[in-house]
Amino acid sequence: MGNRYLVVSDLHLADVEDHADGWKAHKSSRHVFDGDFAALIRDFAAREAPGGPLTLVLNGDVFDFDLVTAAPDPAPWPVSRSERRRGLDATEPKSAWKLRRILADHPVFVSALADFAAGGHGIVCVIGNHDRELHFLDVRRVLGDAVRAAAAATGRTLPDGDPVRYEPWFFHVPGEVYVEHGQQHDYYSSFQHVLSPVVDASGRAVLALPMGNLSNRYLMSRMGFFNPHAADFILNGFRYLAHWLRHYAFSRRSLVLPWFLGSLSVMARLLATRSRILLQPRDLAARTAEVAARNGVTPGTMAALARLQKTPITQRFFRIVREFWIDRLLMAFLMAGGTVALALVPIPLWIKLMVPLACFPLLYFVYEWLVREEGVHAIGKEIPAVARAIGDLLPVRVVTLGHSHVPRLVPLRGGLVFVDTGTWAPNMSLDDRRRKPGYRNFLAVAFDGARVDVRFECWDPVRPTVRRADRPGDLDQCHAVRRAVFVEEQRVPEAEEWDGKDGDCTHFLAFAGFRTLAGTARLRVDGATARAQRLAVLPPWRGHGVGRRLMDAVEAEAAARGCREVLADAQVQALPFYESLGYVAGCEVFLDAGIPHRRVRKSL
């Protein structure tokens, strides 16, 4: 068997923040998915081995430096007031500090990388736009040292050299795969010189961050009830008003001021670097030759790939003004001023009314029609054509990009497939702040001579999965859930929980995410009657349909065994759940382990 690759992108790991009011909920500890990720790569290694080499490709935006707004106190270097509020500048020492902070909150993720590397497998990190600070060598050393320390903690030693290979633009294996994050095809997020993105700022080497990064730092970090990982912060005026009334109107937080000041700050930063990024970096030619040689690409093909990239929005001042609605704000002021002026001059009343009510709106719609252009979502529509162009330049079987956050698999032509691993992590509902499942995806590619196997799946399924607990160790997992829910959370005495009947029951396990344990239930059959018992769902997965899926499995098993009715002793507080499934409750209330219950039944 030949080479095999596991590709994931857009994990957006940041430091953890927990706020009771939902502020920055996208960074809360309940959205940490390190265990799922560790299970994913363990499963990949176990499924694919033994055989050819395994390579884990972290395809950009694995870390999100833009979301880290903390600063050390005291700091070993000067920190401005703006940095205290919005996060440290993208310099080498400050970026290294930010990565240490991120990794400290994600030890399981680091251990998973260490386990994979200790198994003799390769790790490639293609740098995206939100983790572009991995351009700095000291930042890379932070990750490498953390992976080595995690391996040493379990008594293993990694080979000499960096355990992670870094690719600043793309990863290419001739005849097999081309992997690129994709921000260079999005003018909101592209770098003028992706291989040399640093400019001089008052004697400091600083990343020339694109508009997308700066917007996260200067706007989204100050508007924390929006999730920067999802596009639902783009609303109409009425929904912005509703959002303000819900989250800001009766609190000390502000929405309009951070938007206005943040927009001005982003524009100022972009304009300050506009001329400097046009300068040709002295090391650009050498870096380009190095990337080309390492990835087996000719200079001519490198130039052709570069021509597919978008010019950064930094070079398009008018588009910057439009993206922050500055032009529409100016038009609103001009129209308001014009209306006042018309009211003061001695002209007929119909003119005073007609111009503001008809002419001004008409002028606005004509203006919008004349300046219309692709918006922030254009990358999602355009990226398949980019993948096709890359496939025309390089003889590969699979082209994969991320960044666009539109997961899909698209056959481009005979022998070439495009996979967009784009994902939101986490993607949450704007209204109830719950994470929407089904948006973390992976690509597994295996080559075996002329045959290629492409597997594109979700490691956070849309629906919880349920199976019978009939494998070695499954009953222990059932007991772990029941102990957490009944014994520890509800204070049920252990003597009552472990009733000695488990051996006569059929048990079920529910998983949410990739091998993430979510709940359990058991079925006890007595003649034509089935009893659903010990239904337990772990707290993070309540409200996600786990209990319903478990009961579906219990009822299906009972029907398959000829039962005509299912009984359950339901806690009174859970009666609405059972009634929603069609169960009918009896009148009698009784205590079980000190908790009020009512018997419910459902005919099959």
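Residues numbered from 1 in each chain as written. Predicted model: local features only at pLDDT ≥ 70, side-chain atom pairs only at ≥ 80, totals over all residues. Heavy atoms only, no water.

Undergrad: Before we go on, may I ask you to explain the overall build of the chain in this structure?
TA: What the chain contains, in helices and strands, is 18 helices and 20 strands. Projected onto its principal axes, the C-alpha coordinates of the chain cover approximately 85 × 75 × 55 Å. Burial statistics for the chain: of 604 residues in total, 52% are counted as buried. Of the roughly 27,400 Å² of accessible surface on the chain, 58% is carried by carbon and sulfur atoms. (Helix = DSSP H or I, 4+ residues; strand = E, 2+ residues; numbered from the N terminus. Buried < 20%, exposed > 50% of the residue type's maximum accessible area, 1.4 Å probe, protein only. Areas by Shrake-Rupley, 256 points an atom, 1.4 Å probe, with all protein chains shown as cover.)

Undergrad: What is the right way to read the environment of G562 from this model?
TA: Following the sequence through the fold, G562 ends up in the loop between α17 (546-560) and β18 (565-571). It is 9.4 Å that separates the C-alpha atoms of G562 and A530, two residues lying 32 residues apart in sequence.

Undergrad: For this particular structure, what's the right way to read the side chain of K602?
TA: Mapped onto the fold, K602 is located in strand β20 (residues 595-603). A distance of 3.2 Å separates a polar atom in the side chain of K602 from a polar atom in the side chain of E555. Reaching out from K602, the side chain makes a polar contact with the backbone oxygen of L581 at a distance of 2.8 Å. For K602, the residues in contact, after removing those within four places along its chain, are E555, R564, E565, V566, L581, G582 and Y583. (Polar contact = N/O pair within 3.5 Å; in protein donor to acceptor, adjacent residues only side chain to side chain. Contact = heavy atoms within 4.5 Å.)

Undergrad: Sorry, what's going on with the nonpolar core here?
TA: Where a protein is soluble and globular, its nonpolar side chains tend to be buried together. The biggest cluster of nonpolar side chains holds 71 residues, and the ones touching the most others in it are L11, F37, F63, L99, L113, L134 and L143. With near-sequence residues (within four places) excluded, L134 lies in contact with F63, F65, L99, C125, I127, V139, R140 and Y166. Of all hydrophobic cores here, the second largest spans 39 residues; its members include F508, F511, W541 and L581. (Core = buried A, V, L, I, M, F, W, Y, C linked by side-chain atoms within 4.5 Å.)

Undergrad: Explain the environment of L255 here, please?
TA: Assignment of secondary structure puts L255 in the loop between α7 (237-247) and α8 (256-274). On the basis of relative accessible area, L255 is assigned to the buried category, the value being 9%. Sequence spacing of L255 and A593 is 338 residues, and the spatial spacing of their C-alpha atoms is 49 Å. In this structure, L255 is in contact with M223, F226, Y240, H243, W244 and Y248, ignoring residues within four places of it in sequence.

Undergrad: How do you make sense of a nonpolar patch on the surface when you look at a structure like this?
TA: On the surface, a cluster of nonpolar side chains totalling about 520 Å² of accessible area is made up of L257, F260, L261, L264, L329 and F333. Among the secondary structure elements, those contributing two or more residues to the nonpolar patch are α8 and α12 (326-344). Of all the elements, α8 adds the most residues to the nonpolar patch, at four residues. Relative to the assigned elements, F333 resides in helix α12. Under the relative-accessibility criterion, F333 is labelled exposed at 58%. (Patch = residues over 30% accessible without salt bridge, like charges linked within 9 Å, V, L, I, M, F, W, Y side chains within 5 Å. Salt bridge = Lys/Arg side-chain N within 4 Å of Asp/Glu carboxyl O.)

Undergrad: Explain the pairing of strand β3 (residues 122-126) to me, please; I cannot follow it from the model alone.
TA: Each regular strand carries side chains that alternate between the two faces of the sheet. For β3, the buried fraction is high: four of the five residues fall into the buried class. Pairing between strand β2 (residues 54-59) and β3: five bridges, direction parallel. The residue of β3 that forms the bridge with V57 is V124. Note: β3 against strand β4 (residues 165-167), three bridges, orientation parallel. Note that in β4 the partner of C125 across the bridge is Y166. A crossover connection joins β3 to the parallel β4 through helix α5 (residues 137-153); in handedness this β-α-β unit is right-handed. (Pairing = 2+ DSSP bridges. Right-handed = clockwise from strand over helix to strand, strands pointing away.)

Undergrad: For this particular structure, what's the right way to read the packing of α12 against helix α13 (residues 349-371)?
TA: Think of two packed helices as two axes; the pair is described by the angle between the axes and how far apart they sit. Following both chains from N to C, one finds α12 and α13 inclined at 160°, their axes separated by 10 Å at the closest point. In terms of axis orientation, α12 runs roughly antiparallel to α13. Of the two elements, α12 crosses α13, and the hand of that crossing is right-handed. Contacts between α12 and α13 pair D327, R328, M331, M335, G338, T339, L342 and A343 from the former with K352, V355, P356, F360, Y364, Y367 and E368 from the latter. (Axes fitted to C-alpha atoms, helices over the stretch in contact; angles between N-to-C directions. Parallel < 35°, antiparallel > 145°, perpendicular 65-115°, else oblique. Left-handed = near helix turned anticlockwise from the far one by under 90°.)

Undergrad: I tried to follow the pattern of salt bridges on my own but got confused; where do I start?
TA: Pairing is possible between side chains that carry opposite charge, provided their charged atoms lie close to one another. For the structure on display, the rule yields 36 salt bridges. With its nearest N and O atoms 2.7 Å apart, the salt bridge here joins R542 to E489. Linking R542 in the loop between β17 (529-537) and α17 with E489 in helix α15 (residues 474-489), this pair joins segments that are 53 residues apart in sequence. For R542, a relative accessible area of 34% puts it in the partly exposed group. A relative accessible area of 39% means that E489 is categorised as partly exposed. Linked through salt bridges whose partners overlap, the residues forming this network are R482, E497, D499, D502, R522 and R534.

Undergrad: Please explain the packing of helix α4 (residues 107-118) against α5 as it appears in this structure.
TA: Between α4 and α5, the least distance of the axes is 8 Å, while the angle of their chain directions is 75°. Between α4 and α5, the crossing angle belongs to the class labelled roughly perpendicular. Within the contact between the two elements, α4 uses V110, S111, L113 and A114 and α5 uses L143, A146, V147, A150 and A151. Partitioning the contact of α4 with α5 into residue classes produces eight nonpolar, one polar and no charged. (Nonpolar A, V, L, I, M, F, W, Y, C, P; charged D, E, K, R; others polar.)

Undergrad: Can you help me understand the packing of aromatic side chains in this one?
TA: Aromatic rings in a pair are described by how distant their centres are and how their planes are angled relative to each other. Following the criterion strictly, the structure yields 14 aromatic pairs and no others. Ring centres 5.1 Å apart and planes at 25° place the aromatic pair F170 and Y178 in the stacked group. A relative accessible area of 0% means that F170 is categorised as buried. With centroids separated by 6.2 Å and ring planes inclined at 50°, the aromatic side chains of W259 and F260 adopt a geometry described as tilted. For F260, a relative accessible area of 33% puts it in the partly exposed group. (Phe/Tyr/Trp six-rings, centres within 6.5 Å; stacked < 30°, edge-to-face > 60°.)

Geometric descriptors of this kind do not, in isolation, establish any biological role.
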